[in-house]
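Residue-level structural notes
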There are 2 protein chains.
Amino acid sequence: MANFIEPRILKGFRDFLPPAEIARRNLIERIEASFRSYGFVPIDTPALEYAEILLGKGGGETEKQIYRFNDNGGRDVALRFDLTVPFARFLAEHRGELSLPFKRYHIAKVWRGENTQRGRYREFTQCDFDIVGSDSPAADFEVLLIMRNTLRAIGAGELTIRVNHRGLFNRFLARLGVSEQSVEILRTVDKLTKIGREETLCQLSDLSGPDKAGAILGFIEAKGSFEETLETISNAVGGDAPESERLRILRRFMVDTGTADSFVLDPSITRGLDYYTGIVYETFLNELPGIGSVCSGGRYDNLAGLYSKEQVSGVGSSIGLDRLIAALEFLGKLAAPPSYTQAVIACVHEAEAGLYQALAGKFRDAGIPCEVFLEEGKLTRQFILAEKKGARWLVIPGNEPLTGPLTLRDLGKRENREGLSWEEAAALINTP
Amino acid sequence: MANFIEPRILKGFRDFLPPAEIARRNLIERIEASFRSYGFVPIDTPALEYAEILLGKGGGETEKQIYRFNDNGGRDVALRFDLTVPFARFLAEHRGELSLPFKRYHIAKVWRGENTQRGRYREFTQCDFDIVGSDSPAADFEVLLIMRNTLRAIGAGELTIRVNHRGLFNRFLARLGVSEQSVEILRTVDKLTKIGREETLCQLSDLSGPDKAGAILGFIEAKGSFEETLETISNAVGGDAPESERLRILRRFMVDTGTADSFVLDPSITRGLDYYTGIVYETFLNELPGIGSVCSGGRYDNLAGLYSKEQVSGVGSSIGLDRLIAALEFLGKLAAPPSYTQAVIACVHEAEAGLYQALAGKFRDAGIPCEVFLEEGKLTRQFILAEKKGARWLVIPGNEPLTGPLTLRDLGKRENREGLSWEEAAALINTP
């Protein structure tokens, strides 16, 4: 007996069969169409880069999760684990070829050797979009607006974007005299929903003492309308500051675009990552907030700072496509057809396959995706197969497939229309 | 002074800046649209797989070129080097979930540590499409037709698809009594255009002696119309055979679809790879044949044989996207806009960015991709920037950006139209 290699894939990796891949493609295409409608342009970068580039100063969680190895030429290389670091390197390398402000998107796979027990994948897709080279509040707002409008355009329903300004929080920490612990405090606050109020208070107390921990918690738990919360936290930092002024401008933009209802000012949003310096935000689906943020980001002052002395500030966001798909699937909103086929040409005689293709070509020219069945078989079986493909129509060629009359079967209504010309059939199929 | 990491990428890898990436995306989207119009559905598989799966019986050139390493869990893994082997594994693993015949496409990156001196890339994109589970000549022909029509649809111009039947050549070799050397002979013949006639004859002589080498060269050099060549090589194998009958059927299909001019029967086409058993083909652009085949493939009897005892035959083809792009670029046929932006909203007052976005939203709803400029600046400078983005129109908002009259500038004609409502402006922009 032959010795077969067991067909299997690595844990944390996935095959996408046609129905799932069509749903994914649909979603990506709609996200792309939205990005493009705002004038964003695509870029691409290598999946594999020098490990030194991707790890930067390195260390920490990233280093443990990265796929890193020596290539055949002995180079220390790694698979990208996000699209932000390659973009930083891209900016430093191609600065002279880009005109600023530069609005780009990048939809691509990234790889992390994460613990798959938590339902995480080791290969997943990110959809990043950024505006670099503008410090304007208009840029902040455009990214917020694109997040909102893109997620609504793909049918994710109502959503809440929780916005904050990292600089305002830092100002508050400075006022408390705990600036030196700000990175640790930010990271602790970022885990609030995960670890709970008590544990957060406890960890903050370790960092800054119980009184200040209480004050910090009071700051991040400020409640009310956007305007009220802004008032509260502005007062907490001692009155007006450039950061609260920027939030005020952003609020006006929200009102001007009629999108104010989608935004909440939430001082507990900090995003753990160190490179954010301005506004930060997370996005939750109103029908499924528990799945976590499906789109997050913020403003950074100096993204490419590791690779270049030129400072490039920007603001951007990233849609976690896999989490979004899981949410849409759970909500029953991931509708996708089983194929792209609208009409099928039945196979009456295999020897006429050339004529069937010529006939199908006419339907394709009329804008109708049209599959040709390749093998003879009972028509009733061909009905079933065509239905399984999600086709609405079956064309049954006559004795002169290309020039003579044909029969058009409506697979939904289970009705035949006989004696049609191909033009008549195409017109019926194209009738909405 | 700070110590920067030099921003650079690995040799053989590429960044795609927006103009190149838009051109690539355009091409991929048109190729996909063509595949879909024939009822083909997409799949996706992991970039990283067990090395055992990808290498199969292993050895040879592939093993030297593959990116292979041990992951953090000590697994022997590798990056895929083509889309055929993962498809074979996919078929064996998911056979029960697919209904045959199965028509799929897969457009994705693959990685090979090839010698970059020959102008090869180490990361490149393949566009594969296959029909598995049908041995019908109608399946062979559909793949041939899709190759032809897809390449024409993307503007590659007239092309010649050189077709052969590997089984007919094997029959000829059996008749000569050199079947045992058939693999080596096929590989030698496959290199004919690369190494030249003399060297081919010399290598064939080493394999089968000078007389038979001459006969083999005579066979593969048969010339004439499709029909004449078919006659010649049919006679050379001793008369009618199932393989020549299949070529005859395919020829009728070509005539029936009015595509006969695109196909040549070329007995020298063998495709070096061992797994082909039926028809094989290569595709050359008439305007640039020297760049080599831009789309090749053939029929295989048992693609998933390494992983499963179930035999799945099929026929497929692969477009080498990078070579195709190089060819189109050389021919000046890779037209792509610098961005997707059709209209730009000028920034008159930064404080009105919210109203500009609301105005832009109206244009987007009217189907017009519309970028909003984020920063104030002289209008003449905004004209230039908008032109650089390839936008045809610039919208200059008035005192009441959302409700009042606006000015529409035609950047092509350098003309302003003043006092328009946004509806009038949108109608002008949408006029073909």
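Residues numbered from 1 in each chain as written. Chains lettered and ligands numbered in written order. Predicted model: local features only at pLDDT ≥ 70, side-chain atom pairs only at ≥ 80, totals over all residues. Heavy atoms only, no water.

Broken down by element type, chain A carries 15 helices and 16 strands. Relative to the globule expectation of 22 Å for 432 residues, the C-alpha radius of gyration of chain A, 28 Å, shows a markedly less compact shape. Taking the principal axes of its C-alpha atoms as reference, chain A extends roughly 90 × 60 × 45 Å. Of the contacts made within chain A by residues no fewer than 6 positions apart, 66% connect residues no fewer than 24 positions apart. In the structure as shown, chain A presents an accessible area of about 17600 Å², 48% of it carried by carbon and sulfur atoms. A gap of 2 Å separates the mean positions of the 53 positive and 60 negative side-chain charges of chain A. (Helix = DSSP H or I, 4+ residues; strand = E, 2+ residues; numbered from the N terminus. Rg over C-alpha atoms; globule rule 2.2 N^0.38 Å. Contact = heavy atoms within 4.5 Å. Areas by Shrake-Rupley, 256 points an atom, 1.4 Å probe, with all protein chains shown as cover. Lys, Arg positive; Asp, Glu negative; His and termini not counted. Charge placed at Lys NZ, Arg CZ, Asp CG, Glu CD.)

We now examine the environment of Phe-90 of chain B. Residue position: Phe-90 of chain B is located in helix H4 (residues 84-94). Apart from the residues within four sequence positions on either side, Phe-90 of chain B is in contact with Asp-15, Phe-16 and Leu-17 of chain A together with Ile-43, Thr-45, Arg-95, Leu-98 and Phe-102 of chain B.

Below, the discussion takes up the interface of chain A and chain B. Facing the 102 residues of chain A at the interface are 102 residues of chain B. Counting each side, the surface lost to burial between chain A and chain B is near 8500 Å², with a carbon and sulfur contribution of 60%. It is Ile-5, Leu-10 and Leu-374 of chain A in chain A that bury the most area against chain B; as a group they hold 9% of the surface buried on that side. For the pair chain A and chain B, the number of links is 10 salt bridges. Taking the shortest distance from any N to any O, the salt bridge between Asp-44 of chain B and Lys-109 of chain A comes out at 2.3 Å. Along the contact surface separating chain A from chain B lie 36 residue pairs in polar contact (both at pLDDT 80 or more). (Buried area = accessible area lost by both parts, 1.4 Å probe. Salt bridge = Lys/Arg side-chain N within 4 Å of Asp/Glu carboxyl O. Polar contact = N/O pair within 3.5 Å; in protein donor to acceptor, adjacent residues only side chain to side chain.)

Attention now goes to the packing of aromatic side chains. Throughout the structure, instances matching the rule amount to 24 aromatic pairs over all chains. Plain terms: the ring middles of Phe-35 of chain A and Phe-129 of chain A are 4.7 Å apart, the flat faces sit at 40 degrees to each other, and that makes the pair tilted. Here Phe-35 of chain A is found in helix H1 (residues 18-37), whereas its partner Phe-129 of chain A is found in strand E6 (residues 123-132), with 94 residues between them in sequence. Each member of the pair, Phe-35 of chain A together with Phe-129 of chain A, is buried. A ring pair is formed by Phe-35 of chain B and Tyr-105 of chain B, whose centres lie 5.5 Å apart and whose planes are at 50 degrees; its orientation type is tilted. Placement of Phe-35 of chain B in helix H1 (residues 18-37) and of Tyr-105 of chain B in strand E5 (residues 102-111) is noted, with a sequence separation of 70 residues between them. The exposure class of Phe-35 of chain B is buried, given its relative accessible area of 0%. One aromatic cluster is present, formed by Phe-35, Phe-40, Tyr-105 and Phe-129 of chain A through successive ring pairs. Its end group placed over the ring of Phe-383 of chain A, Arg-409 of chain A keeps NZ or CZ at 4.0 Å from the ring centre. (Phe/Tyr/Trp six-rings, centres within 6.5 Å; stacked < 30°, edge-to-face > 60°. Buried < 20%, exposed > 50% of the residue type's maximum accessible area, 1.4 Å probe, protein only. Lys NZ or Arg CZ within 6 Å of the ring centre and 35° of its normal.)

Turning our eyes to something else, we now look at helix H13 (residues 353-365) of chain A. Three- or four-residue spacings in an α-helix give side chains the same orientation, since the helix completes a turn every 3.6 residues. Residue and element names in this part refer to chain A. End to end, H13 covers 18 Å across 13 residues, agreeing with the expected 18 Å (1.5 Å per residue, within 8%). Of all 13 residues making up H13, 10 are buried, and the element is well covered by its neighbours. The complete set of buried residues in H13 reads Ala-353, Gly-354, Tyr-356, Gln-357, Ala-358, Leu-359, Ala-360, Gly-361, Phe-363 and Arg-364. Trailing H13 by a residue or two, Gly-367 shows a phi angle of about 85 degrees, which is positive. (Expected span 1.5 Å × (residues − 1).)

Here we come to the domain arrangement of chain A. Interface extent is often summarised as the accessible area lost during association of the parts. Here chain A is partitioned into domain 1 (18-42 + 81-330) and domain 2 (343-430). Taking only C-alpha atoms into account, the centre of domain 1 of chain A sits 51 Å from that of domain 2 of chain A. (Domains from an automatic or database assignment.)

All names here are of chain A. In spatial order, the strands read E13-E12-E14-E15-E16; together these five strands make up an open sheet with mixed pairing. Here the strands that pair on one side only, and so sit at the sheet edges, are strand E13 (370-372) and strand E16 (415-420). Taking each pair of neighbouring strands and ignoring which way they run, the sheet shows an average axis angle of 20 degrees. Summarising the sheet, strand E14 (residues 393-396) and strand E15 (residues 406-410) pair through four bridges and their orientation is antiparallel. Its bridge partner lying in E15, Leu-394 is registered against Arg-409. (Pairing = 2+ DSSP bridges. Axes fitted to C-alpha atoms, helices over the stretch in contact; angles between N-to-C directions.)

Bringing the sheet that holds strand E16 (residues 415-420) of chain B into the picture now. Residue and element names in this part refer to chain B. Spatial ordering of the open sheet is given by E13-E12-E14-E15-E16, a layout of five strands whose pairing is mixed. Lying at the two open borders of the sheet, with one neighbouring strand each, are strand E13 (370-372) and E16. When strand polarity is set aside, the average angle formed by the axes of neighbouring strands in this sheet is 20 degrees. On the sheet, helix H14 (residues 353-365) packs against strand E12 (343-345), E13, strand E14 (393-396) and strand E15 (406-410) and is oriented at approximately 175 degrees with respect to E13. The strands that helix H15 (residues 379-388) touches are E12, E14 and E15; relative to E14, the one it contacts most, it runs at about 145 degrees.

Here the focus is the relation of the copies chain A and chain B. With an RMSD of 0.1 Å, the fit of chain A onto chain B corresponds to turning through 180 degrees and sliding 0.0 Å along the axis. Considering both components of the superposition, the chain copies are consistent with a two-fold axis. Distance from the rotation axis, computed per C-alpha, reaches its smallest value in chain A at Phe-69 of chain A: 3.1 Å. Both copies contact each other with a shared surface, as 100% of the interface residues of chain A are interface residues in chain B too. (Least-squares fit on C-alpha atoms with pLDDT ≥ 70 in both.)

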